[in-house]
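Coordinate analysis (summary)
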There are 2 protein chains.
Amino acid sequence: MRAIEEQAKQAFEASKPLAFLSSAVKNAALIQMADDLVAHAAYLIEENAKDLEAGKKAGLTAALLDRLLLDDWRIVGMAEGLQRLSTLADPIGEVITGWTLPNGLEILKKRVPLGAIGIIYEARPNVTADAIGLCLKTGNSVVLRGSSTAVHSNKAIAAILTTAAEKAGIPSGAIQLLDDVTRQGVETFVKLNQYLSVIIPRGGADLIQSVVRNATVPTIETGIGNCHVFVDASADLANAVEIVFNSKVQRPSVCNSCETVLVHEAIAARFLTQLAARLSPAGVELRGCDKTLAILPTVKSATQDDWKSEYLDLILAIKIVSGVAEAIAHIGQYGTLHTESILSQDMAAISAFTTQVDAAAVMVNASTRFTDGGEFGFGAEMGISTQKLHARGPMGLPELTTYKYIVIGNGQVRG
Amino acid sequence: MRAIEEQAKQAFEASKPLAFLSSAVKNAALIQMADDLVAHAAYLIEENAKDLEAGKKAGLTAALLDRLLLDDWRIVGMAEGLQRLSTLADPIGEVITGWTLPNGLEILKKRVPLGAIGIIYEARPNVTADAIGLCLKTGNSVVLRGSSTAVHSNKAIAAILTTAAEKAGIPSGAIQLLDDVTRQGVETFVKLNQYLSVIIPRGGADLIQSVVRNATVPTIETGIGNCHVFVDASADLANAVEIVFNSKVQRPSVCNSCETVLVHEAIAARFLTQLAARLSPAGVELRGCDKTLAILPTVKSATQDDWKSEYLDLILAIKIVSGVAEAIAHIGQYGTLHTESILSQDMAAISAFTTQVDAAAVMVNASTRFTDGGEFGFGAEMGISTQKLHARGPMGLPELTTYKYIVIGNGQVRG
């Protein structure tokens, strides 16, 4: 078993030549990687079966086993992701801005890779391929700390991608899958400031909080979403029912799904009756405030915990509010800076909401589900940042870069 | 003594209305703050005298006492800084970019404040005024953790600025100077993720490293500079002597001064003789590699420690290298990602250096001293970031902001 420090150091060293590799080489590598994944599908499925077998023995839930599963369709999905990355514009080398100083110095602000990026994630083998592709495309080396539950699958994917990448000219060492997947190993990993420029945890709230609490390497918090939809008095109610339905039901297990709907008291009776009728056949459990219960008597009573909960499930909390100010205050207290939506035709309410709500994305008359790199048109996504430093909201390729200033003179000294 | 959590919470609460305060109010506050500082100069000097008195008793060095000193000239300097901030464009509200999706959703990426910013700094009272001004201008509230050595000066400045700011319409609580300046207090402070969006340590290497090691709040590392000048074989030698002189001597105590000069072996004898003649009258102590000693026999021998040292003093290390590749490798090993300069007329060498050297600023035929917010034309500076996340190099007003996505729809749901 190689030591974590050793693997991180190799990634750091490889990040130096990788930082100025041409787009052509990086894109050729991505295509080779995609091809080789598909070519080795049978091997991947074989290795994945070992993880599934162990997972079943360990009593993993059906949902977790499904996440862990690799089949032909999912392998093609990973390959298509890599292929698509090869077609995107390379952000590296972009001159973001530039200007000339009165003393003749020319300043260029140029986009460059971050260096070596650490990723800590749960038992989803597709993240292995995604993360490797995103990091290589942006000229970064990558150190992956996957779950012990997916160890055979991850090793197989990383081995295939490493061979393909090096064949195409990616510096050796640029892709590191940590051998050490112990719990203590994570503590070492998140403190390797000398080698890692950033660590991105991808997974549930516990994983992310534990990384943020322990890391000395700068981290990017991702993906915790206690998202709200506020239905204003002026909302188109039929449309509002569809937006809340979509925000809750279309994919309840993800961070941009809606957890609480805030309803203006003036339209609450009419709206909630329609909403309950729409959500009930989809099996959504409702939990309401006292005023909601007066309208929908069969609904369960919501507690303080409901306002805080990221259910990630077919459960929706409902609170009736006196107006946009109370909606903003509720979101200020319980929101997680992810996505908040207002449904309204009233410009004053919309303006108050978009200005005063603090979130990575504020939607107006649209589903919360649109906060997504793919939907935003980024072509790829590393996750959704819920912190304010560096990147906020969906992170595409530019969010995996930094910049340097290049200052061109002809002998200037400071007076 | 108010508890740290309480003060941070107040700053957090104040950051909400402050985030959308008009530029007019913020600028009026800055002008009022500048006026009131000057109006209370006698009081400030009186309070500062208490710190100086205590500092003398505690045996502070002359340099530290000088840093601590407030006189009329320095008070006017602080006021001018605030005044100048009032004239700069407000970055808040800028639409950084925007686009329309095929489904009709309009996305605006809008610049917004970070929230509450924590600053930890040493006994320089002027930082109190600077940091308050920069944070308010950018719509952020600020929590200052100053040095116990400057406690009277800091309290006086913060009190005057708070009164002025609130008189002009800044929300109460937006400016917090921590009462608790104990060492344990810092440990509490740097973990207040629920209130603080970022902590910026401003000071020496020990302060910064201790904050980075202990903080769970995202931090921005600033100001450690082991900066190099590489004098290539093709450099204009007379000019190179002046640039190295300026980089070392103009202000040796700051992070963008040069600590090691790397000299191409082909011109080493000629260049070093000229350089020594220029630096010697300025009292610069030279420490050279073995090859340097063969040219300048009276020079002290450099050790491994010299290559690592940020002297912040009139000391210069000299290493003769075989060419740009060795210069890049040396910088890769010992640089601190701050500022690196190449003096050359050779486009291939310049291109290799600017591409391969990893630093916030890479200078070509210019002094390292130009890495500075003022020199870059930013009009103000919070420090120089030596990390890669969020901000790199001199941090002006935009670097104290983040963004949010505002997504305008007319009923869109995700398919």
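For clarity, every value in this text was computed on a predicted model and none was experimentally measured. (Residues numbered from 1 in each chain as written. Chains lettered and ligands numbered in written order. Predicted model: local features only at pLDDT ≥ 70, side-chain atom pairs only at ≥ 80, totals over all residues.)

Further remarks concern the overall build of chain A. Counting secondary structure elements, chain A contains 16 helices and 16 strands. Taken over the C-alpha trace, chain A has a radius of gyration of 24 Å; the compact-globule value for 415 residues is 22 Å, and the two agree within 12%. Taking the principal axes of the C-alpha coordinates as reference, chain A spans close to 70 × 70 × 35 Å. Buried positions account for 53% of the 415 residues belonging to chain A. Look at the contacts in chain A between residues 6 or more apart in sequence, and 72% of them connect residues 24 or more apart. (Helix = DSSP H or I, 4+ residues; strand = E, 2+ residues; numbered from the N terminus. Rg over C-alpha atoms; globule rule 2.2 N^0.38 Å. Buried ≥ 20, exposed ≤ 12 C-beta atoms within 10 Å, placed from the backbone. Contact = placed C-beta atoms within 7 Å.)

With that settled, consider the pairing of strand 13 (residues 361-366) of chain B. Within strand 13 of chain B, six of the six residues are buried, which leaves the element mostly enclosed by the surrounding structure. The sheet contact formed by strand 16 (residues 401-412) of chain A and strand 13 of chain B spans five bridges and is parallel. From the neighbouring strand, A:Ile408 faces strand 13 of chain B, where its bridge partner is B:Val364. Where strand 12 (residues 339-343) of chain B meets strand 13 of chain B, four bridges bridge the pair, whose relative direction is parallel. From the neighbouring strand, B:Ser341 faces strand 13 of chain B, where its bridge partner is B:Met363. Crossover connection from strand 12 of chain B via helix 15 (residues 347-356) of chain B to parallel strand 13 of chain B: handedness right-handed. (Pairing = 2+ DSSP bridges. Right-handed = clockwise from strand over helix to strand, strands pointing away.)

All names here are of chain A. In a regular helix each residue adds 1.5 Å, so 17 residues correspond to 24 Å; helix 2 (residues 23-39) covers 24 Å between its end C-alpha atoms and thus fits that length. Every buried residue of helix 2 is accounted for by Lys26, Ala29, Leu30, Gln32, Met33, Ala34 and Leu37. Where helix 2 is buried, its residues contact helix 5 (72-87), helix 6 (125-137) and helix 7 (151-167). (Expected span 1.5 Å × (residues − 1).)

Let us now look at the interface of chain A and chain B. Each partner contributes residues to the interface: chain A has 57 residues there, and chain B has 56 residues. Among the secondary structure elements, those contributing two or more residues to the side of chain A that touches chain B are helix 9 (205-214), helix 10 (237-249), helix 15 (347-356), strand 13 (361-366), helix 16 (373-376) and strand 16 of chain A. In terms of residues, the side of chain A that touches chain B owes the most to one element, strand 16 of chain A, which gives 11 residues. Looking at the side of chain A that touches chain B residue by residue, the class counts come to 26 nonpolar, 21 polar and 10 charged. (Nonpolar A, V, L, I, M, F, W, Y, C, P; charged D, E, K, R; others polar.)

We now examine the relation of the copies chain A and chain B. Mapping chain A onto chain B calls for a screw motion: a turn of 180° about the axis and a shift of 0.0 Å along it, with 0.0 Å RMSD after fitting. The symmetry that links the two subunits is that of a two-fold axis. For chain A, the residue whose C-alpha comes nearest the rotation axis is A:His390, separated from it by 1.8 Å. Most of the interface of chain A is mirrored in chain B: 98% of its interface residues are interface residues there too. (Least-squares fit on C-alpha atoms with pLDDT ≥ 70 in both.)

Right, let's get into the sheet that holds strand 9 (residues 285-288) of chain A. Judged by pairing direction, the sheet is mixed, and its 10 strands sit side by side in the order 10(A)-9(A)-11(A)-8(A)-7(A)-12(A)-13(A)-16(B)-2(B)-1(B) without closing on themselves. The open sheet is flanked by strand 10 (300-301) of chain A together with strand 1 (95-100) of chain B, the only strands paired with a single partner. Relative to strand 11 (residues 315-321) of chain A, helix 14 (residues 324-334) of chain A is tilted by about 135°, and along the sheet it contacts strand 7 (227-231), strand 8 (258-264), strand 11 and strand 12 (339-343) of chain A. (Axes fitted to C-alpha atoms, helices over the stretch in contact; angles between N-to-C directions.)

Turning next to the domain arrangement of chain A. All names here are of chain A. Here the domain parsing of chain A yields domain 1 (4-222 + 382-407) and domain 2 (227-374). Distance from the C-alpha centre of domain 1 to the C-alpha centre of domain 2: 34 Å. Each side of the interface is counted separately: domain 1 has nine residues, and domain 2 has 10 residues. Among the secondary structure elements, those contributing two or more residues to the side of domain 1 that touches domain 2 are strand 14 (383-385) and strand 15 (393-395). Taken together, the residues of the side of domain 1 that touches domain 2 sort by class into four nonpolar, four polar and one charged. (Domains from an automatic or database assignment.)

Time to look at the packing of helix 2 of chain A against helix 6 of chain A. Residue and element names in this part refer to chain A. Closest axis-to-axis distance for the helix 2/helix 6 pair is 9 Å, and the angle between their directions is 165°. By the angle between their directions, the pair helix 2 and helix 6 is classed as roughly antiparallel. Remark: the crossing between helix 2 and helix 6 carries right-handed chirality. Between helix 2 and helix 6, the contacting residues are Lys26, Ala29, Leu30, Met33 and Leu37 on the first element and Ala129, Gly133, Leu136 and Lys137 on the second. Split by residue class, the contact of helix 2 with helix 6 holds six nonpolar, one polar and two charged. (Parallel < 35°, antiparallel > 145°, perpendicular 65-115°, else oblique. Left-handed = near helix turned anticlockwise from the far one by under 90°.)

What follows concerns the sheet that holds strand 12 of chain B. Read across the open sheet, the 10 strands follow the order 1(A)-2(A)-16(A)-13(B)-12(B)-7(B)-8(B)-11(B)-9(B)-10(B); overall the sheet is mixed. The open sheet has two free edges, formed respectively by strand 1 (95-100) of chain A together with strand 10 (300-301) of chain B, since each of these has just one partner strand. Taken together, the five bridges between strand 8 (residues 258-264) of chain B and strand 11 (residues 315-321) of chain B define a ladder with parallel strand orientation. From the neighbouring strand, B:Val263 faces strand 11 of chain B, where its bridge partner is B:Ile320. Seen against the sheet, helix 15 of chain B touches strand 16 of chain A together with strand 7 (227-231), strand 12 and strand 13 of chain B and runs at an angle of roughly 155° to strand 13 of chain B.

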